[in-house]
Amino acid sequence: MLQPLLEAGLRQTMNRLVRPILTPAVPIRVQRALIRQAYRSSIPPRGCRFSHGTLAGVPVVRTSCGKQQDGVILYLHGGGFIIGSADTHRGIAGHLAKTSQCLVVTPDYRLAPEHPFPAALDDAEATYLQLLAEGYKAGQIALAGDSAGGGLCVSLAMRLRDNQQPLPSSLTLFSPWTDLTQEQLYQPESEPVLQPAWTAKAAKHYAGGEALKNPLISPVFGDLRGLPPLLIQVGSDEILLNDAERLTQAAKRDRVAVELEIYNSLWHVFQVHGGQLRRATEAVRTAGDHIRAHLTG
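Residues numbered from 1 in each chain as written. Predicted model: local features only at pLDDT ≥ 70, side-chain atom pairs only at ≥ 80, totals over all residues. Heavy atoms only, no water.

Just checking my understanding: could you explain the overall build of the chain for this structure?
Across its full length, the chain carries 8 helices and 8 strands. What you see for the chain is a C-alpha radius of gyration of 17 Å, in line with the 19 Å of a compact globule of 297 residues. Projected onto its principal axes, the C-alpha positions of the chain cover 45 × 45 × 35 Å. Within the chain, the fraction of its 297 residues that count as buried is 58%. If you take every contact in the chain between residues at least 6 apart in sequence, the share linking residues at least 24 apart comes to 79%. Of the accessible surface of the chain, which amounts to about 11,900 Å², a share of 50% is contributed by carbon and sulfur atoms. (Helix = DSSP H or I, 4+ residues; strand = E, 2+ residues; numbered from the N terminus. Rg over C-alpha atoms; globule rule 2.2 N^0.38 Å. Buried < 20%, exposed > 50% of the residue type's maximum accessible area, 1.4 Å probe, protein only. Contact = heavy atoms within 4.5 Å. Areas by Shrake-Rupley, 256 points an atom, 1.4 Å probe, with all protein chains shown as cover.)

If you want it as structure tokens, here you go:
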């Protein structure tokens, strides 16, 4: 009985407090400040440890929680490539660290419009390669991310493959943003988080002078052959549902192992409510299982 009430309450919170922030009418610096406060409601599990540092010159937050294996997750945060940080995503990183029993490393990759494509991708690649340089085997590294960070995971994996670098063990994507053209954007009646006008503006900021159909910007247009196994989770009530479904179709086309989980009546990156909302907690647990199942070495 309490869980349906909690879902309804969280939906109203997202609709009334978060969605109004994510509009082109609000200056980006204000969006960043307000979203930083909004993410305070995403609480990591007890016992998590956080440390700030750098990796390949990129600021990172390292998150551990409870028993740790030898694996590491490179977690790429969301925010339309224009907002968000490693600190805003401490909650989801903490829950993923707990369920996967891995160290989670979240880079503060450079944001647009100050730093358009390929700055974020360059930073993600640099941190991944530095993990290899520090002694992690590729099979001990998993990629995970939400929204823009989910799409960035796929772009990074494609770039690593094309540059003949060792590939990570798996990819875990929460509500991935994979088509920045928005030509086939899903438009549900009850989307409580994202507005198409905001994502369209964010896409232009990120792409800069590049075409939005560049596969490293919109990976749904890319060749996915040879990529590691994918787990994709998405809510049925979000505008990126079609992005997730089309990425799944592209993976199957290219014979990449993929599993798509659609959570009915949930919203964009609902996993941030892990530890509060039962279905969010279960989703992150499934993600942790997927990651552990594919770690090697």
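Explain the packing of helix α4 (residues 119-133) against helix α5 (residues 148-162) to me, please; I cannot follow it from the model alone.
When two helices pack together, their arrangement is given by the angle between their axes and by how far apart the axes lie. Orientation of α4 relative to α5, taken along the N-to-C sense of each, is 65°, at an axis distance of 10 Å. Both α4 and α5 take part in a crossing whose hand is right-handed. Judged by residue contacts, Ala120, Leu121, Asp122, Ala124, Glu125, Tyr128 and Leu129 of α4 engage Leu152, Ser155, Leu156, Arg159 and Leu160 from α5. Among the residues making up the contact of α4 with α5, the classes are represented as 8 nonpolar, 1 polar and 3 charged. (Axes fitted to C-alpha atoms, helices over the stretch in contact; angles between N-to-C directions. Left-handed = near helix turned anticlockwise from the far one by under 90°. Nonpolar A, V, L, I, M, F, W, Y, C, P; charged D, E, K, R; others polar.)

It is not clear to me how unusual backbone geometry should be interpreted in this structure. Could you clarify?
Comment: phi is negative for the bulk of residues other than glycine, and the bulk of peptide bonds are trans. Between alanine 112 and proline 113 the backbone carries a cis peptide bond, its omega angle lying at 5°. Relative to the helices and strands, proline 113 resides in the loop between β4 (103-107) and α4. Omega for the bond connecting phenylalanine 117 with proline 118 falls within 30 degrees of zero, at 10°, which places this linkage in the cis form. Relative to the helices and strands, proline 118 is located in the loop between β4 and α4. Phi angles above zero are rare outside glycine, and alanine 56 is one such case at about 55°. Here alanine 56 lies in the loop between β1 (48-55) and β2 (58-65).

Can you help me understand the packing of aromatic side chains in this one?
Where two aromatic rings form a pair, the distance of their centres and the angle of their planes describe that pair. Summed over the entire model, instances satisfying the criterion amount to 4 aromatic pairs. Here phenylalanine 81 and tyrosine 206 contribute two aromatic rings whose centre-to-centre distance is 3.6 Å and whose plane-to-plane angle is 5°, an arrangement assigned as stacked. With a gap of 125 residues between them, phenylalanine 81 in the loop between β3 (72-76) and α3 (90-100) and tyrosine 206 in helix α6 (residues 196-207) connect regions that are remote in the sequence. Comparing phenylalanine 81 with tyrosine 206, the two get one shared label, buried. Here tyrosine 263 and phenylalanine 270 contribute two aromatic rings whose centre-to-centre distance is 4.8 Å and whose plane-to-plane angle is 50°, an arrangement assigned as tilted. Among the aromatic residues, those joined into a ring-pair cluster are Phe81, Phe117, Trp177 and Tyr206. (Phe/Tyr/Trp six-rings, centres within 6.5 Å; stacked < 30°, edge-to-face > 60°.)

Just to check I follow, could you spell out the packing of α3 against helix α8 (residues 278-294) for this structure?
Remark: α3 packs on α8, axes separated minimally by 8 Å, with the N-to-C direction vectors making an angle of 50°. Our classification of the angle between α3 and α8 gives oblique. Seen along the crossing, α3 lies across α8 with a hand that is right-handed. Judged by residue contacts, His95, Leu96, Thr99 and Ser100 of α3 engage Val284, Arg285, Ala287, Gly288, Ile291 and Arg292 from α8. Looking at the contact of α3 with α8, its residues break down into 4 nonpolar, 4 polar and 2 charged. (Parallel < 35°, antiparallel > 145°, perpendicular 65-115°, else oblique.)

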